Amino acid sequence: MSLETWLAYTLACVVLTIIPGPSVMLVVGQTLMRGKTAAMMCILGDVVGSIVLTGLSFAGVGAILAASTVLFQTVKWVGVLYLAWLGYSQIREARRDGGSVETSVQTRSLKGSFWRSFWAGTLTAIFNPKAIVFYMAFLAQFIDPAGDLAVQLTVLTVTSSLVVMGLLTGYAVLAARARKVFQTSKARRRMGYAGGGFMIGGSALMAITR
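Just so it is clear, the structure is predicted and the values come from calculations on it, not from any experiment.

Student: Before we go on, may I ask you to explain the overall build of the protein chain in this structure?
Tutor: Scanning the protein chain from N- to C-terminus turns up 10 helices and 0 strands. The order of helices and strands in the protein chain, counted from the N terminus, is α-α-α-α-α-α-α-α-α-α. Residues counted as buried form 46% of the 210 residues belonging to the protein chain. Pairs at least 24 apart in sequence give 87% of the contacts found in the protein chain among residues at least 6 apart. For the protein chain, the accessible area works out to roughly 10600 Å², and carbon and sulfur atoms hold 71% of it.

Below, the structure is given as structure tokens:
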């Protein structure tokens, strides 16, 4: 793979990732409600999900989804409903926790909420059928058929993973700074609502995307 091809691919990944989508909405929502650690676990999950998508795309799943409207819509709506459910759950938690949001966050972390954030990021990435089809079409533009396919796929996958991790971390940092500004229980409850709203917004974005 030439340096020019790699730079073009990296720039394309940056442009595609920086545009807010379901994963960005999820990370911001997790940051507002549960803090940086949950956000980083969510980002890690998204990266793992993206790697899985890359493998599925080149395994031919993307072609199957592209050819089957019913299967595509089924996978899509599973993802839509899952992300919407996460948003609803976060709003419900914010309403229930009231003035003890901080204590509740600590309690939930002991019960594995950070791992739930990881799986939320992973499943949100995987249950986006358009991403599978997109990965297959997008990555193919930067593959040299005459070169070593395994090496090229490794380079492209590592590059996209680092870009996704870096940009999503940036969104998480910005959301964390906004979170620090609001320390009262009322403000924290509103942040919980906002975080859940971001997730529901992400599910709506996924739903209207064809």
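Student: Just checking my understanding: could you explain the packing of aromatic side chains for this structure?
Tutor: Geometrically, a pair of aromatic rings is defined through the distance of the ring centres and the angle of the planes. All told, the structure shown has 2 aromatic pairs when counted by the stated rule. Aromatic pair Trp115 and Phe118: ring centres 5.5 Å apart, planes at 75°, arrangement edge-to-face. Highlighted residues: Trp115 and Phe118, both in helix H7 (residues 113–126), separated by 3 residues, approximately one helical turn. Look at Phe118 and Trp119: their rings are 5.2 Å apart centre to centre, the planes differ by 80°, and that puts the pair in the edge-to-face class. Overall, the relative accessible area of 9% leaves Phe118 in the buried class. Taking relative accessible area as the criterion, Trp119 reaches 48% and is therefore assigned partly exposed. Among the aromatic side chains, those forming a connected cluster through ring pairs are Trp115, Phe118 and Trp119.

Student: What should I look at first to understand the side chain of Thr10 in this one?
Tutor: Here Thr10 lies in helix H1 (residues 3–18). On the basis of relative accessible area, Thr10 is assigned to the buried category, the value being 17%.

Student: Can you help me understand the confidence of the model for the protein chain in this one?
Tutor: Any region with low pLDDT has predicted coordinates that should not be read closely. On average, residues of the protein chain score 75 in pLDDT, and 74% of them reach the 70 mark or higher. Across residues 99–111, where pLDDT falls below 50, the model places 16 contacts with residues more than four positions away in sequence or in other chains.

Student: Sorry if this is basic, but what is going on with the packing of helix H3 (residues 36–59) against H7 here?
Tutor: Where H3 contacts H7, the axes come no closer than 7 Å and their chain directions differ by 35°. Our pair here, H3 against H7, has a crossing hand that is right-handed. The residues of H7 that touch H3, namely those facing Thr37, Ala38, Met41, Cys42, Leu44, Gly45, Asp46, Val48, Gly49, Ser50, Val52 and Leu53, are Phe114, Trp115, Ser117, Phe118, Gly121, Thr122, Ala125 and Ile126. Taken together, the residues of the contact of H3 with H7 sort by class into 12 nonpolar, 7 polar and 1 charged.

Student: Sorry, what's going on with the packing of helix H2 (residues 22–34) against H7 here?
Tutor: Two quantities define a packed helix pair, namely the angle between the helix axes and the distance between the axes. Between H2 and H7, the shortest axis-to-axis distance is 10 Å and the interhelical angle comes to 170°. Relative to H7, the element H2 lies roughly antiparallel. Crossing handedness for the pair H2 and H7: right-handed. Along its contact with H2, which presents Pro22, Leu26, Gln30 and Arg34, the element H7 presents Ser113, Phe114, Ser117, Ala120, Gly121 and Thr124. Residues belonging to the contact of H2 with H7 are distributed by class as follows: 4 nonpolar, 5 polar and 1 charged.

About the criteria used
Residues numbered from 1 in each chain as written. Predicted model: local features only at pLDDT ≥ 70, side-chain atom pairs only at ≥ 80, totals over all residues. Heavy atoms only, no water. Helix = DSSP H or I, 4+ residues; strand = E, 2+ residues; numbered from the N terminus. Buried < 20%, exposed > 50% of the residue type's maximum accessible area, 1.4 Å probe, protein only. Contact = heavy atoms within 4.5 Å. Areas by Shrake-Rupley, 256 points an atom, 1.4 Å probe, with all protein chains shown as cover. Phe/Tyr/Trp six-rings, centres within 6.5 Å; stacked < 30°, edge-to-face > 60°. pLDDT = per-residue confidence, 0-100. Axes fitted to C-alpha atoms, helices over the stretch in contact; angles between N-to-C directions. Left-handed = near helix turned anticlockwise from the far one by under 90°. Nonpolar A, V, L, I, M, F, W, Y, C, P; charged D, E, K, R; others polar. Parallel < 35°, antiparallel > 145°, perpendicular 65-115°, else oblique.

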